[in-house]
Amino acid sequence: MKRTNARLHRGFLAFVMLAAFSGLAPGQSSYPDRPIKLLVGFAAGGGSDSIARLISPKLSAILNQPVLVDNRAGAGGAIAAEAVARSQPDGYTWLLVPSGHTTLAVVRKSLPFRPVDDFSWVSTITTYPMLLGVRPDSPYNTFADVLRAAAQRPGTVSYSSVGVGTGHHLLGEWLNAAGKVNMTHVPFKGGGAALTEVMAGRVDLLVETMTFALPVVQAGQIRPIAVTSAQPYPLLPNVPLVSNTLPGLEYESWLGIATAPNTPAPIVARIGDAIRAVLLQPDVQKRLAELGGQASPSTPQQFRERVERDIKRFGSIVETSKIERE
């Protein structure tokens, strides 16, 4: 019996040493050993949901556990974010984080979570620029034309958004501030309504994510005049950069994965490794491109810094533009 106990003791010590060497505590070494929930703060069928359902089966195959998409729509994504912020730090509850997470942080008077510190940031998944477009027969041929008209006739040139306090709105106010103009903000409840009004000539400038804008540009419904990325967009290589007209104005929207605060670093690294492996797959890259984005993995620190940078930038826009917090 003593020899058996000794063998068991040595075996346990070897297990602990192996776990320590790998960076995992004994309870973490088998991660994951049960299904994982990926919370999406928006309804099924939308852009965020499409990305979640693209990557979840791929992640399941790599992690050998189901990654189940769980739509928790409402409050601009805050319901899902709160659920993850309050979840156990064990790596089994993830959040698909949209760039709108950073606008929530600056336009809401309060949130039931801390936008940065209440999450373990894992990796971005995809990034995509915003697009500025006009109707095909618009008199504006360039973004510089739009700014010139806005300067000459203050308040008469208008731009669309998908709601007050959204990234579209804050980008529009950023354009106003950087261009020293006063384009009129016209909010809508969605991209479809905004597109209709721009095509009808009742709104001058469409401000949209590339995920929404690319198909309507390809269909000839909108003529693109600028993109907000630092480099030309690969699928629209001849469309000028906003920064050509307003130096330094660069912005990309994004989606990424975060999990509960204080999740052990080895588990975060395991999730990040799986994400990077998925984003290397050619069919995933192709589908992301079709959806208007590109595969953009990051380290946890890079992701956290992106979130902090966007919150600081948009917070400044809210202050200078005197946008009322909800």
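Quick caveat: nothing in here was measured; it's all calculated off a predicted structure.

### Points about the environment of valine 278
- With respect to the secondary-structure elements, valine 278 resides in helix 9 (residues 265–279).
- For valine 278 and proline 297, which are 19 residues apart along the polypeptide, the C-alpha to C-alpha distance reads 9.7 Å.
- If we ignore the near neighbours within four places in the chain, the residues touching valine 278 are Ile55, Lys58, Leu59, Ile62 and Val284.

### Some details on the packing of aromatic side chains
- Here the structure, examined in full by the defined rule, presents six aromatic pairs.
- With 5.3 Å between their ring centres and 70 degrees between their planes, tyrosine 251 and phenylalanine 314 make a pair best called edge-to-face. You can see tyrosine 251 sitting in the loop between strand 8 (223–227) and strand 9 (252–259) and its partner phenylalanine 314 sitting in helix 11 (residues 300–321), a full 63 residues away along the chain. This pair shows no difference in class: tyrosine 251 is buried, exactly as phenylalanine 314 is.

### A few points about the pairing of strand 7 (residues 206–209)
- The two faces of strand 7 match: Leu206 and Glu208 on one face and Val207 and Thr209 on the other face are all buried.
- Note: strand 4 (residues 120–134) against strand 7, four bridges, orientation antiparallel. Residue pairing for strand 7: leucine 132 is matched across the bridge by valine 207.

### Here we look at the confidence of the model for the chain
- Chain-level statistics for the chain give a pLDDT mean of 91 and a share of 91% at 70 or above.
- Scored below 50 in pLDDT, residues 1–23 shows nine contacts in the model against residues more than four places distant or in partner chains.

### What to know about the side chain of serine 161
- Positionally, serine 161 belongs in strand 5 (residues 158–161).
- Owing to a relative accessible area of 1%, serine 161 belongs among the buried residues under this scheme.
- Not counting chain neighbours up to four residues away, the residues in contact with serine 161 comprise Thr166, His168, His169, His185, Val186, Pro187 and Phe188.

### Some thoughts on the side chain of serine 87
- For serine 87, the location among the structural elements is in the loop between helix 3 (78–85) and strand 3 (93–98).
- Exposure remark for serine 87: the relative accessible area of 15% places this residue in the buried category.
- One polar contact links the side chain of serine 87 to the main-chain carbonyl oxygen of valine 84, over a distance of 2.7 Å.
- Residues in contact with serine 87, not counting those within four places in the same chain, are Thr93 and Ala260.

### Side note on the packing of helix 2 (residues 47–63) against helix 9
- Packing of helix 2 against helix 9 brings their axes to within 9 Å, and their N-to-C directions diverge by 120 degrees. One element, helix 2, and the other, helix 9, form an angle in the oblique class. In the packing of helix 2 onto helix 9, the handedness of the crossing is right-handed. Residues Ile55, Lys58, Leu59, Ile62 and Leu63 of helix 2 pack against Arg270, Ala274, Ile275, Ala277 and Val278 of helix 9.
- In terms of residue class, the contact of helix 2 with helix 9 is built from eight nonpolar, no polar and two charged.

### Concerning the packing of helix 4 (residues 100–107) against helix 11
- One can describe the packing of helix 4 onto helix 11 by two numbers: an axis separation of 9 Å at closest approach and a directional angle of 45 degrees. On the basis of the axis angle, helix 4 is oblique to helix 11. Viewed along their axes, helix 4 and helix 11 form a crossing whose handedness is right-handed. Seen from helix 4, the contacting residues are Thr102, Thr103, Ala105, Val106 and Val107; seen from helix 11, they are Val307, Asp310, Ile311, Phe314, Gly315 and Val318.
- Per-class residue counts for the contact of helix 4 with helix 11 are seven nonpolar, three polar and one charged.

### Looking at the nonpolar core
- Counting 50 residues, the largest nonpolar core has Phe119, Leu132, Phe143, Met183 and Leu205 as its most contacted members.
- With six residues, the single largest contributor to this core is helix 11.
- With near-sequence residues (within four places) excluded, phenylalanine 119 lies in contact with Ala81, Val84, Ala85, Leu95, His101, Phe113, Arg114, Ala258, Thr259, Ala260 and Pro261.
- Counting residues in each nonpolar core, the second largest holds 47 residues, with Trp94, Leu96, Tyr128 and Val278 among its members.

### Considering helix 4
- Extensive coverage of helix 4 is indicated by the burial of seven of its eight residues.
- Of all the positions in helix 4, only His101, Thr102, Thr103, Leu104, Ala105, Val106 and Val107 are classed as buried.
- Check the buried side of helix 4 and you find it contacts helix 3, strand 3, strand 4, helix 6 (167–179), strand 9 and helix 11.

### Some details on the environment of lysine 58
- Along the chain, lysine 58 falls in helix 2.
- For lysine 58, a relative accessible area of 21% corresponds to the partly exposed category.
- A C-alpha to C-alpha distance of 18 Å links lysine 58 and asparagine 71, two positions 13 residues apart in sequence.
- Dropping the residues within four chain positions of it, lysine 58 is found in contact with Val278, Gln281, Asp283 and Val284.

### Let's talk about unusual backbone geometry
- Residue proline 32 is bonded to the preceding tyrosine 31 through a cis peptide linkage, with omega at -5 degrees.
- Its place among the elements puts proline 32 in the loop between helix 1 (2–22) and strand 1 (36–40).
- Phi angles above zero are rare outside glycine, and asparagine 262 is one such case at about 70 degrees.
- With respect to the helices and strands, asparagine 262 occurs in the loop between strand 9 and helix 9.

Rules and cut-offs
Residues numbered from 1 in each chain as written. Predicted model: local features only at pLDDT ≥ 70, side-chain atom pairs only at ≥ 80, totals over all residues. Heavy atoms only, no water. Helix = DSSP H or I, 4+ residues; strand = E, 2+ residues; numbered from the N terminus. Contact = heavy atoms within 4.5 Å. Phe/Tyr/Trp six-rings, centres within 6.5 Å; stacked < 30°, edge-to-face > 60°. Buried < 20%, exposed > 50% of the residue type's maximum accessible area, 1.4 Å probe, protein only. Pairing = 2+ DSSP bridges. pLDDT = per-residue confidence, 0-100. Polar contact = N/O pair within 3.5 Å; in protein donor to acceptor, adjacent residues only side chain to side chain. Axes fitted to C-alpha atoms, helices over the stretch in contact; angles between N-to-C directions. Parallel < 35°, antiparallel > 145°, perpendicular 65-115°, else oblique. Left-handed = near helix turned anticlockwise from the far one by under 90°. Nonpolar A, V, L, I, M, F, W, Y, C, P; charged D, E, K, R; others polar. Core = buried A, V, L, I, M, F, W, Y, C linked by side-chain atoms within 4.5 Å.

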